[in-house]
Each structure stands twice: as structure tokens, then as C-alpha cells.
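Remarks on the overall topology
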Amino acid sequence: MYKIAVMPGDGTGPEVVNEGLKVLKKAAAKFSIKFDFKEFDFGGERYLKTGETLPEGAIEELRGFQAIYLGAIGHPDVKPGILETGILLKLRFSLEQYINLRPIKLYPNVETPLANKKPEDIDFVVVRENTEGLYCGVGGFFKKGTPDEVAVQQMINTRKGVERCIRYAFEFTRKRNREKKLTLCAKINVLTYAHDLWLRTFNEVAAEYPDVKSDYAHVDAITMWMVKNPEWFDVIVTTNMFGDIITDLGAMVQGGMGIAAGGNINPHGVSMFEPIGGSAPKYTGKNVINPIAAILAAQMMLAQLGEQEAAANVEKAAVAAIGKMKSMAAGRMGYTTSEVGDLVAEGI
Ligand code: IPM
Ligand code: MN
């Protein structure tokens, strides 16, 4: 019995989570898996009503679950930063979800903006460090609001944090068993301290994985090559902020936010899975948003729980549904949100 915390969240989050749950329930029945879903109302609406992002005791309660299934966090009436730091980043940090795993995969029948690139050219995974770097929230103002104002925002890289991320990436590359190539994406020519630590750690760990080819590229070059030669990549490991940026580029390359899923992973604890597209306020409540990203996030959750057969089946059913859709874009799919969910569920 898997206890799953469900956080539909804001905007279109609840709509896409519904479809993901529909598919999970179908997969559960088919593969004799038992889920116990418990819903939590964390998000912008709750914050506007109560002033609370995550209530007292929420983190402790969530530790009792096997995984978290998240829709979207973000509300047009809440100042930027409050929900992001108070909910999403708080969960990632407190639950030590130190990996953000983001597959960049072009499925057949999905349009990519890259000319002449086919599904066999776009199939790589970004392993993003998820608890340190520029996201640590360390810094402050000096003489705020005066002409002499100084703002400092520090980047923290710990040997422990860097090493566990790099180790995960090597293990992941080995298990993925494709090209067995891991590329470190950093900026060692400018961030001569922080990324020196990354490169040294990468090289030291690489010595333990002689079967994995290790490679290095600066982040700015990576953005060129992701567009020009995406087929060069198998697995990329990178810092929190660089990973944030290159995975949005990756999402576009794989066909848009309607299809991009990610997992916030604590390999020894509670992981959290989400479509990475956000709350999409302008499509809310219209039954037009693409639930495929949320369904693929559910598929990643099954895989992380060890339900490989069910995960593979959900992916296959999603691929079949994608094959029938007109577009991945909201409102142009040729189906409603719930019809896409039905299509995938029927394919299980
Ligand atoms: C993401 C998002 C978050 C991030 C925001 C909402 C804090 O952009 O999951 O990529 O920057 O990590
Ligand atoms: Mn992002």
C-alpha cells in the first residue's frame, strides 16, 4: 500500500492532477498496486484565506508518505516569491529532495521547434541539484532603499551536496544504460571557486565509474548545443540555477510545457513529482490544458516507487494518446483535458 500525498495546488493544477489520478487508479487496478491518496490544499487559495503557506506540522506529516503528487503552485494575486519559497522550495529543502530529475524526450507526433530533429535525436535527462546553489536564500540588503543600496545573494555549494548529486547522476547514467555519457554543465571559467568544487568532485567520482564516459561543457555552450545538437546528450548534471534555466529550454525542445514532467527526488526519503508547467491561470477551469505532463509525472512516481512495469505501461499509453492528439498546446489538442486523461487510462 502506497500512501501518496496529493497536492493539486493552484490554477490548472487540480485539472491535470485529476487526470493523473485517473491514470494511476487504472494502473493500480491493472497491476495490483494499492494506493491510499490523501489530498492537501496547500497553495495560493489557502494562503489568501489563512495567510499560511505550509501549516505547522505539515512537513512532519508528509514524512509519513511514500511520495507527493503535486499539480502546480502559483497564484496571480500572491506576490511572487511567497508561495515558491513557502511551499515548493520549503518542501524540496525540508524533505531533502536533493535531485531534480527532468527527462527531455521528444515523443513521436510531438512538434519540436528544432528543425530536422526527430525523437531519436532528443532523448536526454537533466539531473539538477535541488537544495543548494543560488536557491539557498542566504543574503541580504545593506542600506536598502537608499542610493547606496547593496544587495547580496550568495551561492552555497557544499562538498556533501555536490557529491551526492554527482553520485546520483553517475548511478542514473549507468542504469539508464544508453550512451552511458554524463556531461557536467557548469561555468568553471568564471565561477572559479564554486564550480572548481563541482569539477573536482565530478572527476573524483568519475574515477569510480570507468564504464561511464564523462564530459564537461560550460552552461552557455550547453544552451547552444541543446538547440543545435541535442543528440549529443545522454545525461547532464548541473547546479540548481543552471538546471532551472536549461530545463525550461529543454521543455520547449521536447514540445512545450504541456509535456514536461519532473521529479524532486530524495533517493532515501519522500520524493515529489510534478508537471513543470506551472499554474497557467489563463487556462484555469476551461478543460483545455494538456494533462500529459502531469500523467508523465505520475509515471515517474511509479518508477521511483519501484513499479517499473506499471510505469512502462503508463508511458506506453501516454505515447499512444499523444499519437492521436493534434497538438500539445492548451486548447489545440483536439481533445479536452479530461478526454486526454480518458485516452491514456483506456490505453493501460
Ligand atoms: C521550477 C520552478 C521553480 C524553480 C520556481 C517556481 C521556484 O521554476 O520548478 O523549475 O525555480 O525551481
Ligand atoms: Mn523553473
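Rules used in this analysis
- Residues numbered from 1 in each chain as written.
- Chains lettered and ligands numbered in written order.
- Predicted model: local features only at pLDDT ≥ 70, side-chain atom pairs only at ≥ 80, totals over all residues.
- Heavy atoms only, no water.
- Domains from an automatic or database assignment.
- Contact = heavy atoms within 4.5 Å.
- Buried area = accessible area lost by both parts, 1.4 Å probe.
- Salt bridge = Lys/Arg side-chain N within 4 Å of Asp/Glu carboxyl O.
- Polar contact = N/O pair within 3.5 Å; in protein donor to acceptor, adjacent residues only side chain to side chain.
- Helix = DSSP H or I, 4+ residues; strand = E, 2+ residues; numbered from the N terminus.
- Nonpolar A, V, L, I, M, F, W, Y, C, P; charged D, E, K, R; others polar.
- 1 Å grid on protein atoms, 1.4 Å probe; cavity = no way out; pocket = protein on both sides within 12 Å on 5 of 7 lines; lining within 4 Å.
- Points joined across faces, edges and corners; volume = space filled by probe spheres on them.
- Buried < 20%, exposed > 50% of the residue type's maximum accessible area, 1.4 Å probe, protein only.
- Disulfide = S-S within 2.5 Å.
- Near = heavy atom within 4 Å.
- Areas by Shrake-Rupley, 256 points an atom, 1.4 Å probe, with all protein chains shown as cover.
- Pairing = 2+ DSSP bridges.
- Axes fitted to C-alpha atoms, helices over the stretch in contact; angles between N-to-C directions.

Considering the domain arrangement of the protein
When the parts come together, some accessible area is lost, and that loss is often what is quoted as the size of the interface. Under the domain assignment used here, the protein contains domain 1 (1-99 + 256-348) and domain 2 (112-254). Contact with domain 1, which involves 15 residues of that partner, is made by 15 residues of domain 2. Interface of domain 1 and domain 2: buried area, both sides summed, is about 1,400 Å²; carbon and sulfur atoms make up 61% of it. Its largest share of buried area at the contact with domain 2, domain 1 owes to Phe93, Tyr98 and Ile99, together 45% of the area lost on that side. Between Glu96 and Arg164 there is a salt bridge whose closest N-O contact spans 2.7 Å. One can count five residue pairs in polar contact (both at pLDDT 80 or more) joining domain 1 with domain 2. For the side of domain 1 that touches domain 2, the secondary structure elements donating two or more residues are helix H4 (82-94) and strand E11 (261-265). Counting residues per element, the side of domain 1 that touches domain 2 draws most heavily on H4, at three residues. Grouping the constituent residues of the side of domain 1 that touches domain 2 by class yields 10 nonpolar, three polar and two charged.

Some remarks on the layout of surface pockets
Approximately 920 Å³ is the volume attributed to the largest pocket. Around the largest pocket, the lining comprises 33 residues; the ones closest to its centre are Leu101, Phe172, Met300, Ala303 and Gln308. Those elements that place two or more of their residues in the lining of the largest pocket are strand E4 (99-105), strand E5 (123-129), helix H5 (159-176), E11, helix H9 (292-305) and helix H10 (308-324). Split into classes, the residues belonging to the lining of the largest pocket amount to 19 nonpolar, five polar and nine charged. The residue makeup of the lining of the largest pocket includes at least three contributed by each of domain 1 (1-99 + 256-348) and domain 2 (112-254). By volume, the second largest pocket is sized at about 520 Å³. As for the second largest pocket, its lining consists of 29 residues, and the residues nearest its centre are Met257, Gly258, Met328, Ala329 and Ala330.

Thoughts on the pattern of salt bridges
Any two side chains of opposite charge can pair, on the condition that their charged atoms come close. Taken as a whole and assessed by the stated rule, the structure comprises 23 salt bridges. Notably, a salt bridge pairs Asp41 with Arg46, separated by 2.8 Å at the nearest N-O pair. Relative accessible area serves as the criterion here: at 48%, Asp41 is assigned to the partly exposed category. The salt bridge involving Glu163 is made with Arg159; its shortest N-O contact spans 2.9 Å. Placement of the pair is Glu163 and Arg159 together in helix H5, with a separation of four residues, close to one helical turn. Take Arg159: its relative accessible area is 31%, and that puts it in the partly exposed class. Among the charged side chains, a salt-bridge network with shared partners connects Arg159, Glu163, Arg167, Glu204 and Glu208.

Topic: the state of the cysteines
Taken as a whole and assessed by the stated rule, the structure comprises zero disulfides. Here Cys165 is not cross-linked by a disulfide; its sulfur's nearest cysteine counterpart is in Cys185, at 11 Å. The buried category is assigned to Cys165, whose relative accessible area is 0%. Note on Cys185: relative accessible area 0%, which makes it buried.

Description of the site of ligand 1
Around ligand 1 sit Glu84, Leu88, Arg92, Arg102, Arg128, Tyr135 and Asp244, and that is every residue in its neighbourhood. For ligand 1, an oxygen atom lies 2.8 Å from a polar atom in the side chain of Arg102. Separating an oxygen atom of ligand 1 from a side-chain N or O atom of Asp244 is a distance of 2.9 Å. In the complex, 75% of the free accessible area of ligand 1, which totals 320 Å², lies under the protein chains. Here the shell around ligand 1 takes three residues from H4, the largest share from any one element. Taken domain by domain, the shell around ligand 1 gets at least three of its residues from each of domain 1 (1-99 + 256-348) and domain 2 (112-254).

Some words on the sheet that holds E5
With respect to topology, 10 strands assemble into an open sheet ordered E2-E1-E3-E12-E11-E4-E5-E10-E8-E9, the strand pairing being mixed. The open sheet is flanked by strand E2 (35-39) and strand E9 (213-218), the only strands paired with a single partner. Strand-to-strand twist across the sheet, computed as the mean angle between neighbouring axes with direction ignored, equals 20°. Alignment of E4 against E5, held across seven bridges, turns out to be antiparallel. Residue pairing in the sheet places Arg102 in a bridge with Val126 of E5. Across the sheet, helix H7 (residues 219-228) lies against E5, strand E8 (181-186), E9 and strand E10 (235-238), angled at about 105° from E9, the strand it touches most.

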